[in-house]
Amino acid sequence: MPGLDDYAPAVRKVMTLFYVIDTSGSMQGSKIGQVESALEEVMQSLQEISDGSDDAEIKIAVLEFSTGASWITPEPVSPEGYRFKSFEACGVTDLGAACKELDKKLSRNEFLQTSAGAYPPVILLFSDGCPTDNWESGLTALQSNNWFKRSIKIAFAIGEDADKSILARFSGSSETVLDVKNKDQLRLMIEKASVITSVFASHSSSVEAETDPVEISKQLADEVQTQTQEAVAAAAADSSTADWDEEDW
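The model shown is predicted, which means the values in this text are computed figures rather than measured ones. (Residues numbered from 1 in each chain as written. Predicted model: local features only at pLDDT ≥ 70, side-chain atom pairs only at ≥ 80, totals over all residues. Heavy atoms only, no water.)

Trainee: Can you walk me through the overall build of the protein chain in this structure?
Mentor: Each helix and strand counted, the protein chain has eight helices and six strands in total. Each helix and strand of the protein chain, placed in order from N terminus to C terminus, yields the pattern β-α-β-β-α-β-α-α-β-α-β-α-α-α. Classification of the 249 residues of the protein chain by burial places 51% in the buried group. Across the protein chain, every contact between residues at least 6 apart in sequence was considered, and the portion connecting residues at least 24 apart equals 78%. Of the roughly 11500 Å² that the protein chain leaves accessible, carbon and sulfur atoms contribute 45%. (Helix = DSSP H or I, 4+ residues; strand = E, 2+ residues; numbered from the N terminus. Buried < 20%, exposed > 50% of the residue type's maximum accessible area, 1.4 Å probe, protein only. Contact = heavy atoms within 4.5 Å. Areas by Shrake-Rupley, 256 points an atom, 1.4 Å probe, with all protein chains shown as cover.)

Trainee: What should I look at first to understand the pattern of salt bridges in this one?
Mentor: Side chains that differ in sign of charge can pair as their charged atoms come close. Here the structure, examined in full by the defined rule, presents eight salt bridges. When the shortest N-O distance is used, the salt bridge between Asp128 and Lys31 registers 3.1 Å. A residue pair is termed long-range when its members are at least 10 positions apart, and Asp128 in the loop between strand E4 (122-127) and helix H3 (135-143) and Lys31 in helix H1 (residues 30-52) qualify at 97 residues. You'll find Asp128 and Lys31 in the same group, each marked buried. Glu191 serves as the salt-bridge partner of Arg187, at 3.8 Å between the closest nitrogen and oxygen. Of this pair, Arg187 and Glu191 are both found in helix H6 (residues 183-201), four residues apart, which corresponds to roughly one turn of the helix. For Arg187, a relative accessible area of 22% corresponds to the partly exposed category. Overall, the relative accessible area of 18% leaves Glu191 in the buried class. Counted as one network, the salt bridges with shared partners bring together Glu175, Glu215 and Lys218. (Salt bridge = Lys/Arg side-chain N within 4 Å of Asp/Glu carboxyl O.)

Trainee: What should I look at first to understand the sheet that holds strand E3 (residues 68-71) in this one?
Mentor: What links the strands of a sheet is backbone hydrogen bonding, and the strands pair in either a parallel or an antiparallel sense. Judged by pairing direction, the sheet is mixed, and its six strands sit side by side in the order E3-E2-E1-E4-E5-E6 without closing on themselves. One side of each edge strand has no neighbouring strand; the edge strands of this open sheet are E3 and strand E6 (177-180). Neighbour-to-neighbour, the strand axes of this sheet turn through a mean angle of 20 degrees, independent of strand direction. By the bridge criterion, six bridges tie E4 to strand E5 (residues 152-158) in an arrangement that is parallel. Its bridge partner lying in E5, Phe126 is registered against Phe156. Packed onto the sheet, H1 meets strand E1 (13-22), strand E2 (56-66) and E5 and runs at close to 175 degrees relative to E1. Relative to E5, helix H8 (residues 213-237) is tilted by about 45 degrees, and along the sheet it contacts E5 and E6. (Pairing = 2+ DSSP bridges. Axes fitted to C-alpha atoms, helices over the stretch in contact; angles between N-to-C directions.)

Trainee: Would you take a moment to explain the packing of H3 against helix H5 (residues 164-171) for this structure?
Mentor: The packing of two helices is summarised by the inter-axis angle and the distance between the axes. Where H3 meets H5, the axes come as close as 10 Å, and the angle between the chain directions of the two elements is 20 degrees. The pairing of H3 with H5 is recorded here as roughly parallel in orientation. Contacts between H3 and H5 involve Trp135, Glu136, Leu139, Leu142 and Gln143 from the first element and Ile166, Arg169 and Phe170 from the second. Here the contact of H3 with H5 is composed, by residue class, of five nonpolar, one polar and two charged. (Parallel < 35°, antiparallel > 145°, perpendicular 65-115°, else oblique. Nonpolar A, V, L, I, M, F, W, Y, C, P; charged D, E, K, R; others polar.)

Trainee: Help me understand the pairing of E6 in this model?
Mentor: Across a regular strand the side chains alternate sides, sitting on one face of the sheet and then on the other. In this structure, E5 lies alongside E6, joined through four bridges in parallel fashion. Opposite Phe156, over in E6, you have Leu178 as the bridge partner. For the segment spanning E5, H5 and E6, crossover handedness is right-handed. (Right-handed = clockwise from strand over helix to strand, strands pointing away.)

Trainee: Help me understand the side chain of Asp22 in this model?
Mentor: Relative to the elements of secondary structure, Asp22 occurs in strand E1. Despite its burial, Asp22 pairs with no opposite charge, the nearest such side chain being Lys31 at 8.1 Å. In this structure the side chain of Asp22 is engaged in a polar contact, spanning 2.7 Å, whose partner is the side chain of Ser24. Within polar-contact distance, the side chain of Asp22 engages the side chain of Ser127 at 2.8 Å. The contacts of Asp22, once residues within four sequence positions are left out, are Met27, Ile32, Phe65, Thr93, Phe126, Ser127, Asp128 and Gly129. (Lys, Arg positive; Asp, Glu negative; His and termini not counted. Polar contact = N/O pair within 3.5 Å; in protein donor to acceptor, adjacent residues only side chain to side chain.)

Trainee: Help me understand the packing of aromatic side chains, please; the structure alone is not making it clear to me.
Mentor: By convention here, two paired aromatic rings are described through the distance between centres and the angle between planes. One pass over the structure, following the stated rule, counts five aromatic pairs. Relative to Phe111, the ring of Phe18 lies with its centre 6.4 Å away and its plane at 20 degrees, an arrangement referred to as stacked. With Phe18 in strand E1 and Phe111 in the loop between helix H2 (95-105) and E4, this residue pair connects regions lying 93 residues apart in the sequence. Judged by relative accessible area, which is 0%, Phe18 ranks as buried. Exposure remark for Phe111: the relative accessible area of 7% places this residue in the buried category. Aromatic side chains Trp71 and Phe111 sit 4.8 Å apart centroid to centroid with 65 degrees between the ring planes, which places their arrangement in the edge-to-face category. With a gap of 40 residues between them, Trp71 in strand E3 and Phe111 in the loop between H2 and E4 connect regions that are remote in the sequence. Look at Trp71 and you get buried, because its relative accessible area is 16%. In this structure an aromatic cluster arises from ring pairing among Phe18, Trp71 and Phe111. Note that Lys153 overlies the ring of Phe148, its terminal NZ or CZ placed 4.4 Å from the centroid. (Phe/Tyr/Trp six-rings, centres within 6.5 Å; stacked < 30°, edge-to-face > 60°. Lys NZ or Arg CZ within 6 Å of the ring centre and 35° of its normal.)

Such coordinate-based values are descriptive only and should not be taken to indicate function.
In structure tokens form, the structure reads like this:
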């Protein structure tokens, strides 16, 4: 009779969480600083979600774009395996280049190559400006990618200069574009979005349903917005942390 050590652990599919981050010159200062801090802080929570899921192992992929686009993670890594990187905000806003990179890596031959298979990914896009390259051709090619079609997508419009109409083209709906008005809200939204989308997407019964991924993304974006507002209200009610400023960057 075999002992407990003779049973191999169940093989889980992989759910990859993609962060697509604008690191152009306009993101200098507290904007990019809050992105760095939030990514560093949320990794432990994501690792706990991954460890506690019977269905999926969560992995992280980080893509930055400014003048061109490049991967911070040469391949998807576990949350605990993500090595914190200080971003250098400079250059222009080549969203089209980012779309082309995503299109290449959203493939079973690239970032979604796993022995157990992969669930549709989550893609979180952050930008504070308007694209400066031929973004339409890059996005058009990406939109024909079947993994992109099935992914959960939420975009974050950072500050007043972000082009929300273009972000909506990427995420699939204006309802999946969230306004970010200050640095504290940005940090909270990154944390809430990372956790909420990962919990949902790492459960097979959720992602295998034949529901429109844009509709799922709308529901999750609304939950991110609600939880962020609740956290802001709680902080404002606490006199020791009540330093929120609607336009504080």
